[in-house]
Structure formats: structure tokens, C-alpha cells
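Fold and geometry: a report
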Amino acid sequence: MLCYVPAFADPREVGVWIDDTGKGAVKIEICTPTTLCGKIYWLKEPLGANGEPKIDRYNPEPSMRTRPICGLPVLGNLSQLAEGGFDNGWVYDPKEGKSYSVALDLVNADTLKVTGYKGMRFLGKSLIWTRAPADLPPCSADAAEAPGETSPHAANAKAASPAKPGKTASNTKPKPKKAATPQHPVASN
């Protein structure tokens, strides 16, 4: 008697997506068996006015303000919902140095709705991202790495994710530790 077990494909949200401004793209990947994460993959203008690569200069944590924007983790801990889509993750906006809760909903094969929110999702702001062309070049080798690979600046980073908005260390219960791919720290407001 033969058993057939179908192979499950990656979620359709996985891939490279150009943000709503058209000035950047995020590579969304599977980071643990149950979560998605993403990092800056491409920048229309990767260099600042000084001719140097852009850095995370608005981060509220001074020690993180020298991190390069290219390859910067900007999405994490997104869990798949039974009804479809992903939620309960975080998004970091390096243009403001702020973190929010985030949800992803696939509108169609080439359109992704990204909703950033604090507190209640229905009060959040939704942006439309479009799937990037297959030949979009990464802004650096860090941006093209798989989640489990080590980047040059990962050795100095501590594994962390931002706190959920409205919660502090004093009013949250510690979560059990999971074996996961280390993520670069992202400060929250």
C-alpha cells in the first residue's frame, strides 16, 4: 500500500515586494517553521547625501543608529492565520525609527496589503506593496542572504524583537524560548 503525502509550497507572501513608495523593496522569507520575517532587499537610492550607504539614523536606540538600511530586518514574527493572511508580527519603519504591529493580506498574486497598527488592527494604516520583478538586484550581499546565514553585522547584534505596543517589560509575561533563527534587534517606541 502506497501513501502519498503532498508537499506544501511556501506561502504566497514569500518573495520580494516593492513598498508603496516605490523607493524600496522587502524580501519576505520563512524564518521559523511557523513565522515569516523580512528585510530591506533593494533601495532606489542606497546612498545618503554624504555618498555613504544609508543607515538606521532615526533608531531610538543610539547603539543601533549605525546599522545599514540595506539588509535591515523590518518584519518579524508574522504567524499564519487559519482564515488566511499573517498577523501578530512587528514592522519597523526606519524612516521614523518606530515599530508597530503588522498584518499581511495577499490581495492577488502580485499585490500585498500591509497593515501597520497599534492596538487594534482595524484602526491601522494599510499600504499596498507590489511583487518585484525577478531580476531586481539586491542592494547588498546581506539583503540576499537566507535567514539562517550570518551577516557581518549579526555577530554584534543581540537576538530580540520589539515589544508589542503598549506593553512594557514590567507588565508582560516572559514567553518560552523557541529555537529560532537569530534576528537583528529592532528598537520599538
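It should be noted that the structure appears before, not after, this text.
Since this is a predicted model, take the numbers as computed values, not measurements. For every chain, the first residue of its written sequence is number 1, and the numbers climb from 1 along that sequence. Whole-chain, interface and lining totals are the exception, using all residues; otherwise, since this is a predicted model, local features are given only for residues with pLDDT of at least 70 and side-chain atom pairs are given and counted only at 80 or more. To obtain the side-chain values, all non-hydrogen atoms of the structure were included, while hydrogens and water were left out.

1. A short note on the state of the cysteines
Spelled out, the test is: Two cysteine sulfur atoms form a disulfide, by the criterion used here, when they sit within 2.5 Å. The rule is simple: take the accessible area with a 1.4 Å probe, protein chains only, and divide by the maximum for that residue type; under 20% is buried, over 50% is exposed, in between is partly exposed. Only DSSP runs of H or I with at least four residues qualify as helices, and only runs of E with at least two residues qualify as strands; both kinds are numbered from the N terminus onward.
A complete count under the given rule lists 2 disulfides for this structure. Across the disulfide from C31 sits C37; the S-S distance is 1.5 Å. C37 gets classed as buried once you look at its relative accessible area, which sits at 9%. A sulfur-sulfur separation of 1.8 Å characterises the disulfide bridge that pairs C70 with C139. With the S-S bond torsion at 105°, the cross-link from C70 to C139 turns out right-handed. Of this pair, C70 sits in the loop between β3 (35-43) and β4 (73-80) while C139 sits in the loop between β8 (125-131) and α1 (141-144); the two residues are 69 residues apart in sequence, bridging distant segments of the chain. Under the relative-accessibility criterion, C70 is labelled buried at 11%. The disulfide pattern of the protein chain is 1-2, 3-4 when the bonded cysteines are numbered in sequence order.

2. Description of the nonpolar core
Put simply, the rule reads: Here, the term nonpolar core denotes a set of buried Ala, Val, Leu, Ile, Met, Phe, Trp, Tyr and Cys residues that are joined through side-chain atoms within 4.5 Å. Should any heavy atoms of two residues lie within 4.5 Å, those residues are considered in contact.
Ranked by internal contacts, the top residues of the largest apolar core, which has 30 residues, are I28, L75, L78, L104, L112, W129 and L136. Elements supplying a minimum of two residues to this core: β1 (15-18), β2 (24-32), β3, β4, β5 (86-93), β6 (98-108) and β7 (111-117). Filtering out sequence-adjacent residues up to four positions away, L104 remains in contact with I28, L78, G85, F86, L112, K113 and V114.

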